[in-house]
Amino acid sequence: MAKKQFKAESKRLLEMMINSIYTQKEIFLRELISNASDAVDKIYYKALTDDQLVFNKEDYYIKVTADKAARTLTITDTGIGMTKEDLENNLGIIAKSGSLAFKKENEAQDGHNIIGQFGVGFYSAFMVADDITVISKALGSDEAYKWESTGADGYTIEPCEKDTVGTEITLKIKESNEEEQYEEFLEQYRLKAIIKKYSDFIRYPIKMDITGKRPVEGSEEEFEDYSDEQTVNSMVPIWRKNKNELTDADYENFYTEKRYGFDKPLKHIHISVDGAVRYQAILYIPENTPFDFYTKEYEKGLELYSNGVLIMDKCSDLLPDYFGFVKGMVDSEDLSLNISRELLQHDRQLKLIAKNIQSKIKGQLQGLLKDEREKYESFYKAFGRQLKFGVYNDYGMNKDVLQDLLMFYSSKEKKVVTLDEYIARMPEDQKYIYYASGESIERIEKLPQTEMVSDKGYEILYFTDDIDEFAIKSIMSYKEKEFKSVSSGDLGIEPDAKDEQTEAEENESKDLFAAMSEFLSGKVKSVRASKRLKSHPVCLSTEGEVTIEMEKILKAMPNGQDIKADKVLEINVNHAVFQSLKDAHEKDKEKLNLYTSLLYNQALLIEGLPVGDPVEFTNDICKVMV
Ligand code: ADP
Ligand code: MG
């Protein structure tokens, strides 16, 4: 029999294809199953308009059979089949898609479940097979034909026998060599896994004869081989189902089945959009932080399906970094895929979907915050840090999306509160949103700097996370209220009678403060009478943008810079210690230096900063004792 030649360019294309389009060999099965599903779909669509044709769903299926001894893998379908001409056109001409043509002819019927479009998927089978036989009988035809090819050198077509309408594709699986193993494509567990991964939501049953051993009935020692025809795929994608048909348990099962996480999801979002861009999605907010979440190894992303067929495991473009904790999947029929169906070209639709998803997630979180406070707080515990990073990153570009999702511990409420809640409670005369930074809530509670602001009756937000202050600097203000550290030079609190007294005291003791400043020059910018201290003798405050907490964090960063805060040593002039300072200033210069040094080091310790010379510091204390 004369061999027909592939056209010259087809030959090259085929070689290119087989070797370079697909990154994973296993997708050949996805392609052949997709074709089989398309073939069944075509009968289904035909039946919609053809009264002669009855479509009984039970009669339509796809079957995958492996024969290890013969090294063959067969994919059978009960679809529309191919005539001699179809075989010639669709399998003989590369990049010709009969399915795309069908879709176009039947556009009026909403035939968008058809998967094929590029006319290349079939040839991916040559990645794993060196001989492919296609036996097919077309709907409405009495003849069957056999198409056979060993790859680039062409194909043959001859008449053959086949009883039923449909197609049977047999792959002769390649022999393994040193570099490549092909046996896996004959193993039932592996085939099952590939089908589950890519083709779980094909709408027709994909059957396999599952074999195994089981105990012989009535005997405890004897085992027998059995073979059982099973449907491997779940068929109906949960995301295509109606929301009110589904229970929380259904969503939880899907989460577990898909291995999105080992925890139970905190919340699911089921989206079905039928607008400018059509897509369905099931998204989850996990309950726990994945162990690698705050590391470089963590990969964000959603599963991406096109018409129920998995295209991408982790499509990262669908999620902004700050919502990187979200798990789940998106299915859209409107994506423009490239021919390998593995990658997307810069897709406008994908961008639209991503934007849409982002606002849905935001909406869901806001809803949670409003209606299910406890759940939100538990979410925030797990992922709040990521939101704060989101505020800080990209020069605060996303602050509008994220700022009302933030929470901080409140001095008044003794629990986390939102910025909105803080603002709502602010007394009229309060100008700023006050915050205090420190290692822990307990430590901040004891900071002398908080005294004055608290006494005024103002609420203070406690920043215990190293990202907090940086995030807030990116926001700058919330609802026109600026943020202010309780340690900053100017607290923006109206002066009262007591402040005047302090100022008078400062003027009177000008020389004393000058002497102390001089002694501490290089360490602090100045020494001043404090307006914020009530009971504590001393504290540090800062002038300018950099606070002491920021100085600590910047220093702790790998190759972090040694940026220093401009510090001011504040003395409580109403504290007994001030009298001692005055006395020393008059009588004993050396004693004044000793006291100054002690007070400065104490202020450092309160801030959680190391004292310059601990030995000198202890010696100094002893000097006071003897
Ligand atoms: P695509 O699916 O993108 O169209 P393929 O290379 O996978 O490209 O398939 C080429 C064409 O061959 C299909 O469009 C279809 O017309 C035909 N075809 C392939 N497999 C089958 C099948 N099992 N039954 C009927 N027709 C098929
Ligand atoms: Mg195809």
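For the structure, see preceding data.
Residues numbered from 1 in each chain as written. Chains lettered and ligands numbered in written order. Predicted model: local features only at pLDDT ≥ 70, side-chain atom pairs only at ≥ 80, totals over all residues. Heavy atoms only, no water.

Draft legend 1. Examining the overall build of the protein more closely. When helices and strands are tallied, the protein shows 19 helices and 22 strands. Here the protein has a C-alpha radius of gyration of 36 Å; the compact-globule value for 626 residues is 25 Å, and the former is much larger. Seen through its principal axes, the protein has C-alpha atoms that stretch 120 × 65 × 55 Å. For the protein, buried positions account for 50% of its 626 residues. Residue pairs at least 24 apart in sequence account for 69% of intrachain contacts in the protein once pairs closer than 6 positions are excluded. Counting only carbon and sulfur atoms, one obtains 47% of the accessible surface of the protein, whose full area is about 31500 Å². If the 84 positive side-chain charges of the protein are averaged to one point and the 115 negative ones to another, these points end up 3 Å apart. (Helix = DSSP H or I, 4+ residues; strand = E, 2+ residues; numbered from the N terminus. Rg over C-alpha atoms; globule rule 2.2 N^0.38 Å. Buried < 20%, exposed > 50% of the residue type's maximum accessible area, 1.4 Å probe, protein only. Contact = heavy atoms within 4.5 Å. Areas by Shrake-Rupley, 256 points an atom, 1.4 Å probe, with all protein chains shown as cover. Lys, Arg positive; Asp, Glu negative; His and termini not counted. Charge placed at Lys NZ, Arg CZ, Asp CG, Glu CD.)

Draft legend 2. Quick peek at the sheet that holds strand 17 (residues 460-463). On the basis of which strands lie adjacent, the open sheet formed by 6 strands has the order 15-14-17-16-19-18 and mixed pairing. The two strands at the open ends of the sheet, each matched to only one other strand, are strand 15 (416-418) and strand 18 (477-478). Of the strand pairs in this sheet, strand 14 (residues 407-410) and strand 17 are connected by 2 bridges, and their pairing is antiparallel. Among the inter-strand pairings, Ser-410 is bridged to a residue of strand 17, identified as Leu-461. (Pairing = 2+ DSSP bridges.)

Draft legend 3. Local environment of the environment of Asn-19. Relative to the assigned elements, Asn-19 resides in helix 1 (residues 8-21). We classify Asn-19 as exposed; its relative accessible area is 62%. When the C-alpha positions of Asn-19 and Leu-53 are compared, they lie 42 Å apart, and in sequence the two are 34 residues distant.

Draft legend 4. Seen up close, the packing of aromatic side chains. Inspection of every chain in the model, using the stated rule, returns 34 aromatic pairs. With a centroid separation of 5.3 Å and 90° between ring planes, the pair formed by Phe-28 and Phe-185 is classed as edge-to-face. Highlighted residues: Phe-28 in helix 2 (residues 27-49) and Phe-185 in the loop between strand 6 (166-173) and helix 5 (188-199), separated in sequence by 157 residues. The buried category is assigned to Phe-28, whose relative accessible area is 0%. Where Tyr-376 meets Phe-379, the ring centres are 5.3 Å apart and the plane angle is 50°; that geometry is what we call tilted. Of this pair, Tyr-376 and Phe-379 both sit in helix 8 (residues 373-396), 3 residues apart, roughly one helical turn. Of the residues examined, Phe-379 reaches a relative accessible area of 0% and is grouped as buried. Each member of the aromatic cluster is reached from another via a ring pair, and the members are Phe-293, Tyr-294, Tyr-298, Tyr-322, Phe-323, Phe-325, Tyr-376, Phe-379, Tyr-380 and Phe-383. (Phe/Tyr/Trp six-rings, centres within 6.5 Å; stacked < 30°, edge-to-face > 60°.)

Draft legend 5. Region of interest: the site of ligand 1. Lining the immediate environment of ligand 1, one finds 19 residues, of which Asn-35, Ser-97, Gly-98, Ser-99 and Gln-117 sit closest. A distance of 2.8 Å separates an oxygen atom of ligand 1 from a polar side-chain atom of Asn-35. Between ligand 1 and Ser-97, the relevant distance is 2.4 Å, taken from an oxygen atom to a side-chain nitrogen or oxygen of the residue. Notes on ligand 1: free accessible area 520 Å², of which the protein chains cover 97%. Among the detected pockets, ligand 1 sits in the largest pocket. Elements that contribute at least two residues to the shell around ligand 1 include exactly helix 2, helix 3 (84-92) and helix 4 (98-105). Take the shell around ligand 1: its biggest share by element is 3 residues, from helix 2. Across the shell around ligand 1, the residue classes break down as 6 nonpolar, 10 polar and 3 charged. (Near = heavy atom within 4 Å. Polar contact = N/O pair within 3.5 Å; in protein donor to acceptor, adjacent residues only side chain to side chain. 1 Å grid on protein atoms, 1.4 Å probe; cavity = no way out; pocket = protein on both sides within 12 Å on 5 of 7 lines; lining within 4 Å. Sits in = over half its atoms within 2 Å of the grid points. Nonpolar A, V, L, I, M, F, W, Y, C, P; charged D, E, K, R; others polar.)

Draft legend 6. The layout of surface pockets, seen in detail. Empty space within the largest pocket amounts to approximately 830 Å³. In terms of lining, the largest pocket is formed by 39 residues, of which the most central are Lys-42, Met-82, Asn-90, Gly-98 and Ser-99. The set of elements that each furnish at least two residues to the lining of the largest pocket consists of helix 2, helix 3, helix 4 and strand 6. At 8 residues, the largest contribution of residues to the lining of the largest pocket is made by helix 2. The residue makeup of the lining of the largest pocket, split by class, is 16 nonpolar, 14 polar and 9 charged. (Points joined across faces, edges and corners; volume = space filled by probe spheres on them.)

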